[in-house]
Amino acid sequence: MQIATKPADAADAKRQPASPGVDKQAVALADIASPGQAPAAVEAELPPPPDDARDAPPTTLSPWRRYADYGELALGAGAFVGVLLTLWAAFVYAPRELVEGDVQRIFYIHVPMAWLAYLAFFLVAVASALYLWRRDERWDWFARANAEIGAVFTTLVLITGSIWGKAFWGAWWVWDARLTTTLILWFVYVGYLVLRSYTGRTAQGARVAAVVGILGFVDVPINYFAVTWWRTLHPSAVLPLGSEPQLPASMLIALMVALVSFTLLFGFLLLQVYRLERTQSLVEQLRAEIDEED
Amino acid sequence: MNGYLIAAYAVLWVGLLAYVGWVALRVRGVKSEAETLRDLLDDLRDRATRARVAKRAQVTKLAAQAAPQPTPQAGKAGGQSAQGANAPGSFKPTKHGNSKPAARRK
């Protein structure tokens with residue numbers, strides 16, 4: 001019995017030249033199919049033909065995908081237009097404050113950023129709780145994205161507030177209740193991000209971070225009510241809960257324009273950072289699969 | 001216009017723009033890394049499949065030496081195997097607590 005030393009050559013020697021109606025792959029099947037073996041079983045093992053159809057993008061996008069892309073574009077455009085409107089509202093539309101003067105206009109960027117930071121940390125707490133309940137990675141990505149954006153917004157709140165404090169109080173920093181609790185909030189969520197970075201994308205790291213995210217939210221109401229509970233230098237709330245607004249109408253409108261604009265920007269950033277987290281998880285899974293293949 | 005006011009707005013917008021730019025760079029980097037890893041994984045799987053098929057061909061040829069030659073089956077179109085793993089949209093997040101990675105569509 002002759003044993004073929006080079007199976008590939010033996011197969012080539014046997015293979016018939018392709019003729020109309022006879023697929024080259026069908027001929028290859030005949031070479032390797034053993035008696036009684038279903039061709040489909042062998043066919044499943046063959047690598048796909050070397051054409052570009054496998055890698056070609058889909059010819060048509062699903063409607064959902066198309067609308068999602070348009071929605072993202074609209075969100076980004078809305079954020080950009082909102083930024084311009086905010087500048088107009090803060091510098092042109094809003095009147096000059098009698099006591100503080102022009103430096104009061106910092107308020108129109110400082111306050112919306114602070115509110116959105118609160119929103120971000122609220123979403124971190126909710127997403128963390130949902131992650132602990134459902135153990136779905138997507139909630140972890142959502143919490144991480146919100147924590148990152150919230151930390152950035154809190155940083156900008158501290159900086160703009162400090163600049164306003166220097167202009168109005170003559171000091172960059174005072175150990176006021178509101179400022180101190182905001183600084184604590186900043187440390188909590190920067191610590192959350194450092195913890196995520198240290199533990200990597202593991203289930204245990206996600207669980208620990210979720211607990212931190214939930215507990216860290218405790219500081220948010222403390223921060224909000226600090227101007228009411230303690231004697232502080234920081235101005236009291238301009239829109240106190242359950243009370244009349246403490247602002248004239250034009251200032252309130254300018255504040256609302258700024259709030260809507262920053263909310264659109266927040267939404268746009270959240271979408272981008274969430275996608276980033278999703279893709280980073282995909283990379284980790286691909287690496288794990290490559291290690292398995294090796 | 002008050003210098004502190006200008007400084008505050010400048011810090012804010014520069015800071016936000018810098019953050020948006022940083023996020024965009026990270027997104028681009030991770031996307032290209034994912035593409036590269038996907039191609040590498042497909043290549044490894046192709047090689048493993050070809051090696052498996054070649055080995056099986058060698059074994060079946062030895063077994064078929066004594067058996068009568070089967071007639072070629074004409075006209076059966078060679079089907080394409082399913083789309084490669086990790087095709088766009090096929091990534092599914094995992095539920096933490098499972099030791100195996102998420103099953104992929106092949």
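Scroll up to find the structure this text is about.
Rules and cut-offs
- Residues numbered from 1 in each chain as written.
- Chains lettered and ligands numbered in written order.
- Predicted model: local features only at pLDDT ≥ 70, side-chain atom pairs only at ≥ 80, totals over all residues.
- Heavy atoms only, no water.
- Helix = DSSP H or I, 4+ residues; strand = E, 2+ residues; numbered from the N terminus.
- Buried < 20%, exposed > 50% of the residue type's maximum accessible area, 1.4 Å probe, protein only.
- Areas by Shrake-Rupley, 256 points an atom, 1.4 Å probe, with all protein chains shown as cover.
- Axes fitted to C-alpha atoms, helices over the stretch in contact; angles between N-to-C directions.
- Parallel < 35°, antiparallel > 145°, perpendicular 65-115°, else oblique.
- Left-handed = near helix turned anticlockwise from the far one by under 90°.
- Contact = heavy atoms within 4.5 Å.
- Nonpolar A, V, L, I, M, F, W, Y, C, P; charged D, E, K, R; others polar.
- Phe/Tyr/Trp six-rings, centres within 6.5 Å; stacked < 30°, edge-to-face > 60°.

(A) Representation of the overall build of chain B within the structure. Counting secondary structure elements, chain B contains one helix and zero strands. Counting across all 106 residues of chain B, residues that qualify as buried make up 33%. For chain B, the accessible area works out to roughly 6800 Å², and carbon and sulfur atoms hold 59% of it.

(B) Structural view of the packing of helix H5 (residues 107-134) of chain A against helix H8 (residues 203-216) of chain A. Residues and elements named next belong to chain A. H8 packs onto H5 with a crossing angle of 135° between their chain directions and a minimal axis gap of 8 Å. Put simply, H5 runs oblique to H8. Along this stretch, H5 crosses H8, giving a crossing that reads as left-handed. Together, Val 124, Ala 125, Ser 128, Ala 129, Tyr 131 and Leu 132 of H5 and Ala 203, Ala 206, Arg 207, Ala 210, Val 211, Gly 213 and Ile 214 of H8 make up the contact between the two elements.

(C) Representation of the packing of H5(A) against helix H7 (residues 177-199) of chain A in the model. All names here are of chain A. Where H5 contacts H7, the two axes come as close as 12 Å, and the packing angle between them is 45°. Between H5 and H7, the interaxial angle falls into the category oblique. For H5 against H7, the interelement crossing comes out left-handed. Taking contact as the criterion, the partners of Tyr 118, Phe 121 and Val 124 in H5 are, on H7, Arg 178, Leu 185, Tyr 189 and Tyr 192. A per-class count over the contact of H5 with H7 returns six nonpolar, no polar and one charged.

(D) Spatial organisation of unusual backbone geometry. All names here are of chain A. Positive phi is not limited to glycine here, since Arg 135 has a value of about 55°. Checked against the element boundaries, Arg 135 lands in the loop between H5 and helix H6 (137-168). What makes Arg 135 partly exposed here is its relative accessible area of 27%.

(E) Spatial organisation of the side chain of A:Thr279. Tracing the backbone through its elements, the reader meets A:Thr279 in helix H10 (residues 249-293). If near-sequence neighbours (up to four positions away) are discounted, A:Thr279 is found in contact with B:Val30, B:Lys31 and B:Ala34.

(F) Local environment of the packing of aromatic side chains. All names here are of chain A. In the structure shown here, the tally under the stated rule is 19 aromatic pairs over all chains. Ring centres 6.0 Å apart and planes at 65° place the aromatic pair Phe 153 and Phe 266 in the edge-to-face group. Here the residue Phe 153 occupies a position in helix H6, and Phe 266 occupies one in helix H10, the gap between them amounting to 113 residues. Accessibility classification places Phe 153 together with Phe 266 in one group, the buried group. By way of ring pairs, the aromatic residues Tyr 118, Tyr 224, Phe 225, Trp 229 and Trp 230 are connected into one cluster.

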